[in-house]
Amino acid sequence: SLHDALPIYYGHHSKADLVKVLVTGGAGYIGTHTVVELLAAGYEPVIVDDFSNSSPEALRRVAHLTGVESPFYEADVRNRDVLERIFIEHNIHAVIHFAGLKSVGESVAEPLRYYSTNIDSTLVLLETMQKFGRSNLVFSSSATVYGNAGTPPFTEDLPRQSTNPYGWTKAMIEQILEDVVATGHGWSITALRYFNPVGAHPSGLIGEDPNNIPNNLMPYISQVAVGRRKQLAIFGGDYDTPDGTGVRDYIHVVDLAKAHVAALNHIEHPDVYKVYNIGTGIGVSVLEVVAAFEKASEQPVPYAIVDRRPGDIASCYASPDLARDELGWEAERSIDEACQDSWNWQSKNPNGFQD
Ligand code: NAD
Ligand code: WQD
């Protein structure tokens, strides 16, 4: 049962060692996994989330897993009063900014909601940090800023672009962060460009829990395997890739969470804006993900190859060298392990956090 998972991270550090880190969007998929790794590394997370795409149960699971109940504020990051209260009540050393909207398709239909949520939240956060003299920030960017130009492996020096409003919010926020650091007022900001986050914590207590029909491949496959959906539609079988299906760089969410700890450990230098790809450097096709998932779950994943999805590119994977050389961070978990952990989460929680 879920209760077999022990609070494995409990009690390693005395209170005096702890450094407070504000985690916006800390109840979300990547945020919860990062809170677990922050606690393991001796940081003290303070969480703000409005539950617009998550649930209180996710935070209860994190508390159960770690044995630590982190201070939590239920609020929109655009709420300046609450944000100021957090900085008054806590000596915040650094901020990790996950909060935001992330669905590409939704952003095309509702661009204003996307620009407002993603950009305004970042501006209010930066203004509040400035007001309280706090200058250390790690931001969730995305491989989406490589757009559809260039050929992989993508390196950080490529120009930012996008093909959709969601991606433009990330490109624009990166520009804002770069401009803020360029003032020379002592800011230290790191943007991590995630490739395709997948998998779950090996405890099976936390994982990805999308509302409605999943947009992304891995949660869709797991819902097919668990019997919630009939078959996977594979978007395109005629790409210029080894087996004709799209190729992506799938990064295990625990490796991704650890990249945030590495970025925090590195962030002490003032007046530096840095960007790092967070990926494995390995391209994996849709058919390879299906095969890996079938092996891990011992369940069939029926599929049909259908038309390409508008906006998709054939192949996208990282050059992960800069993060390795400068942050000392490397992905350690394979696609097989990600499929095992996704299946463990999905089979123990067929309806996500509602169970
Ligand atoms: P998620 O939706 O699970 O987590 C985001 C969290 O932020 C949710 O808990 C949501 O309730 C909260 N939130 C949203 N708007 C808010 C607001 N205005 N104020 C307070 N809380 C708010 O998504 P995730 O997959 O964990 O993504 C985290 C970050 O990483 C996002 O910025 C996303 O754009 C970025 N990212 C995600 C992926 C991916 O594929 N998952 C890839 C690249 C980048
Ligand atoms: C992966 C592959 C699809 C679903 C998106 C965002 C990106 C980033 C990560 C936030 C592709 C194929 C998918 C399905 C399929 N997010 N697929 N059937 O599109 O690489 O990236 O999430 O920053 O910005 O665009 O991820 O999981 O949707 O797709 O065949 O039902 O799986 O065509 O080749 P994507 P994905």
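Parameters at a glance
- Sequence positions are assigned chain by chain, starting from 1 and proceeding in written order.
- Working convention: letters from A go to chains and numbers from 1 go to ligands, in the order in which they are written.
- A pLDDT threshold of at least 70 governs which residues receive local features in this predicted model, and a stricter bar of 80 or more applies before side-chain atom pairs are shown or counted, although totals over entire chains, interfaces and linings include all residues.
- As a rule here, side-chain values come from all non-hydrogen atoms in the structure, and water together with hydrogens is ignored.
- What makes a residue near a molecule or strand is one non-hydrogen atom of that residue sitting within 4 Å of it.
- Polar contact is defined as a pair of N or O atoms within 3.5 Å, subject to the rule that within protein one atom must be able to donate a hydrogen and the other to accept it, and that residues adjacent in sequence are counted only when both atoms are side-chain atoms.
- A 1.4 Å probe and the Shrake-Rupley method give the accessible areas. Residues count as covered only by the protein chains that appear here.
- By the criteria applied, helices consist of DSSP H or I runs no shorter than four residues and strands consist of E runs no shorter than two, each listed in order from the N terminus.
- In the scheme used here, Gly and all other residues not listed as nonpolar or charged are polar, with Ala, Val, Leu, Ile, Met, Phe, Trp, Tyr, Cys and Pro taken as nonpolar and Asp, Glu, Lys and Arg as charged.
- A simple rule labels every residue: compare its accessible area, found with a 1.4 Å probe on the protein chains alone, to the largest value its type can have, and call it buried under 20%, exposed over 50%, or partly exposed in between.

Let's talk about the site of ligand 1
So, step 1. What surrounds ligand 1 is a group of 27 residues, the closest being Ile-30, Asp-49, Asn-53, Ser-54 and Tyr-166.
So, step 2. The separation between a nitrogen atom of ligand 1 and a polar side-chain atom of Asp-76 is 3.0 Å.
So, step 3. The fraction of the free accessible surface of ligand 1 (820 Å²) that becomes covered by protein chains is 95%.
So, step 4. Counting residues per element, the ones that place at least two in the shell around ligand 1 are helix H1 (29-40), strand E5 (136-142) and helix H6 (165-181).
So, step 5. By residue number, the principal contributor to the shell around ligand 1 is E5, which donates three residues.
So, step 6. Residue classes in the shell around ligand 1 are distributed as 12 nonpolar, 10 polar and five charged.

Here's the deal with the site of ligand 2
So, step 1. Neighbouring ligand 2 are 18 residues, the closest being Ser-142, Tyr-166, Ala-233, Arg-248 and Asp-312.
So, step 2. Tyr-166 has a polar side-chain atom sitting 2.6 Å from an oxygen atom of ligand 2.
So, step 3. Backbone polar atom of Ala-233 to a nitrogen atom of ligand 2: 2.8 Å apart, as the coordinates give it.
So, step 4. For the shell around ligand 2, the element with the most residues is strand E8 (residues 232-235), which contributes four residues.
So, step 5. Tallied by class, the residues present in the shell around ligand 2 amount to nine nonpolar, six polar and three charged.

Topic: unusual backbone geometry
So, step 1. The omega angle of the peptide bond from Pro-152 to Pro-153 is 0 degrees, so this bond is cis rather than trans.
So, step 2. In this structure, Pro-153 sits in the loop between E5 and H6.
So, step 3. The backbone of Phe-51 shows a phi angle near 60 degrees, a positive value even though the residue is not glycine.
So, step 4. Tracing the sequence through the fold places Phe-51 in the loop between strand E2 (43-49) and helix H2 (56-66).
So, step 5. Judged by its relative accessible area of 16%, Phe-51 is buried.

Don't take any of this as a statement about function, it's just geometry.
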